[in-house]
Amino acid sequence: MTRRRDAEQLVEAALTAVEVGQLSVEDLLLGGAVRSLRFRRWLANRLLRKPRAYTGPTRLRHQKQGADQVRQILDSARTLFAGNHHVRHITWGAKTVVGQTVPQDVLIFLVDHKIPGLSKDSPEYIPSIVTISTPLGQIEVPTDVRILATGIYHAGAISPGFHCGVTAGSNVGTLGCITSGDPPYAIVSGHVAVKKGVPVTATSCTGSTVPLGTALEVCNDDSVDAALVGPIPPSSLGGITDSPTAIRDLDLSDTQLPIHISVTRSPGKLFASVEVVSEPAIFINPISGESNTMNALIRLDQPVTTHGDSGAPALDATGLLVGFVEGVADGRTYILPARRAIDGVSK
């Protein structure tokens, strides 16, 4: 069964590569991966023939969808799978096959773990293709199931800060997120909290200031710049976070991905696009002049942030948390990936 599934994935990836121009039909047929003469003839006829008239649901492959259609697909899919408690979150993106990204749009199902051998009648079953009803008719959409790493940040258990500032001693920044639980904790910038035991407060967009607790863990090295703050009093939780969401890990296909950052100053949201998914950056302390190098950060295409935005949450168009503002270097804003930041202070 595994060999058959691998073969199906290989054929699907090959057909997609031909459709988008990465391979020619001749390249595919002459390649060592296709050895059967009978199969080469069948595949040649399959790829070269004109498409037949088809009246069933539209099948989405690699073509990019408009924002409105993606939103309709996501809304329908989330309603359709609302009773599947195995699914933590549903989002949209490029499919991965054997760890490699292929140019095919899919519904991405985020789960805690994969359950092999599920029957189609199981309430936790996720089909490889789902039929979605939209105002334009029925559409068949491929799916991709991905595992959320274990930790305190499962989908629905993490809420990005909502235009909320934080203060730790004389340092100011922006609230990154709050984790659910009893008690909840906050994630803020490590260079804002500086050290353990420092009291941290939050100021909401309405101007009210509430205690978040003290810095329990602080990490500020070449990989992680974050602090875990808490425990947060229940009375402090109102009005400082956005809706619960999940974390999105970027890959090489996410260059030019639109990003918005929630900050405390006007206009509240800053917009930019991902320019490089993973790159080191050197930050200069404007007061001491000391330099600090950080590795594998997300580089945006413009310097949209400024002093006081450190730790602010960066999200994609669907509201998934991508990372937290690290700062500006060489005329670009850099983002620390969310999963690495939270892992770094949650061990």
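Source: prediction; values computed, not measured. (Residues numbered from 1 in each chain as written. Predicted model: local features only at pLDDT ≥ 70, side-chain atom pairs only at ≥ 80, totals over all residues. Heavy atoms only, no water.)

Colleague: So, the overall build of the protein chain: which residues are in play, and what are the values?
Modeller: Along its length, the protein chain carries six helices and 19 strands. Looking at the protein chain as a whole, 45% of its 347 residues qualify as buried. Long-range contacts, defined as pairs at least 24 residues apart, comprise 60% of the intrachain contacts of the protein chain with a sequence gap of at least 6. For the protein chain, the exposed surface amounts to about 18100 Å²; the carbon and sulfur share of it is 53%. (Helix = DSSP H or I, 4+ residues; strand = E, 2+ residues; numbered from the N terminus. Buried < 20%, exposed > 50% of the residue type's maximum accessible area, 1.4 Å probe, protein only. Contact = heavy atoms within 4.5 Å. Areas by Shrake-Rupley, 256 points an atom, 1.4 Å probe, with all protein chains shown as cover.)

Colleague: Let's hear about the confidence of the model for the protein chain: which residues, and what values?
Modeller: Across the protein chain, pLDDT averages 80, with 75% of residues at or above 70. Looking over the protein chain, one finds the lowest element-wise mean pLDDT in strand β1 (residues 58–59), namely 42, and the highest in strand β11 (residues 199–203), namely 97. The low-confidence segment residues 49–64 (pLDDT under 50) makes 33 contacts with residues lying over four places distant or belonging to another chain. Here residues 149–155 is a poorly scored stretch, pLDDT under 50, and it has 19 contacts once near neighbours within four places are set aside; other chains count. (pLDDT = per-residue confidence, 0-100.)

Colleague: Help me get a handle on the pattern of salt bridges, residues and values and all.
Modeller: Oppositely charged side chains can pair when the atoms bearing their charge come close. Summed over all chains, the structure comprises eight salt bridges. Between Arg 248 and Asp 254 there is a salt bridge, and its shortest N-O distance comes to 2.7 Å. Between Asp 309 and Arg 265 there is a salt bridge, with its nearest N and O atoms 2.6 Å apart. Residue Asp 309 is located in the loop between β16 (291–300) and β17 (313–315), and its partner Arg 265 is located in the loop between β14 (258–262) and β15 (269–284); the two are separated by 44 residues in the primary sequence. What emerges from the salt-bridge pattern is a single network uniting Glu 275, Glu 279, Arg 299 and Arg 332. (Salt bridge = Lys/Arg side-chain N within 4 Å of Asp/Glu carboxyl O.)

Colleague: Quick rundown of unusual backbone geometry? Include the residues and the values.
Modeller: Cis geometry is found at the peptide bond from Gly 230 to Pro 231, where omega equals -15°. Along the chain, Pro 231 falls in the loop between β13 (225–230) and β14. In this structure, His 163 takes a positive phi of about 50° despite not being glycine. Secondary-structure assignment places His 163 in the loop between β6 (158–160) and β7 (165–168). Accessibility expressed as a relative area gives 15% for His 163, which makes it buried. Backbone geometry at Val 194 places phi at a positive 75°, although glycine is not the residue there. The topology assignment puts Val 194 in the loop between α5 (190–193) and β11.

Colleague: Before we move on, could you go through the pairing of strand β5 (residues 137–147) and cite the residues and values that matter?
Modeller: Examined bridge by bridge, strand β4 (residues 129–134) and β5 share six bridges and lie antiparallel to one another. Looking at the pairing, Ile 132 lines up with Ile 139 of β5. Where β4 folds back on β5, the antiparallel hairpin that results is connected by two residues. (Pairing = 2+ DSSP bridges.)

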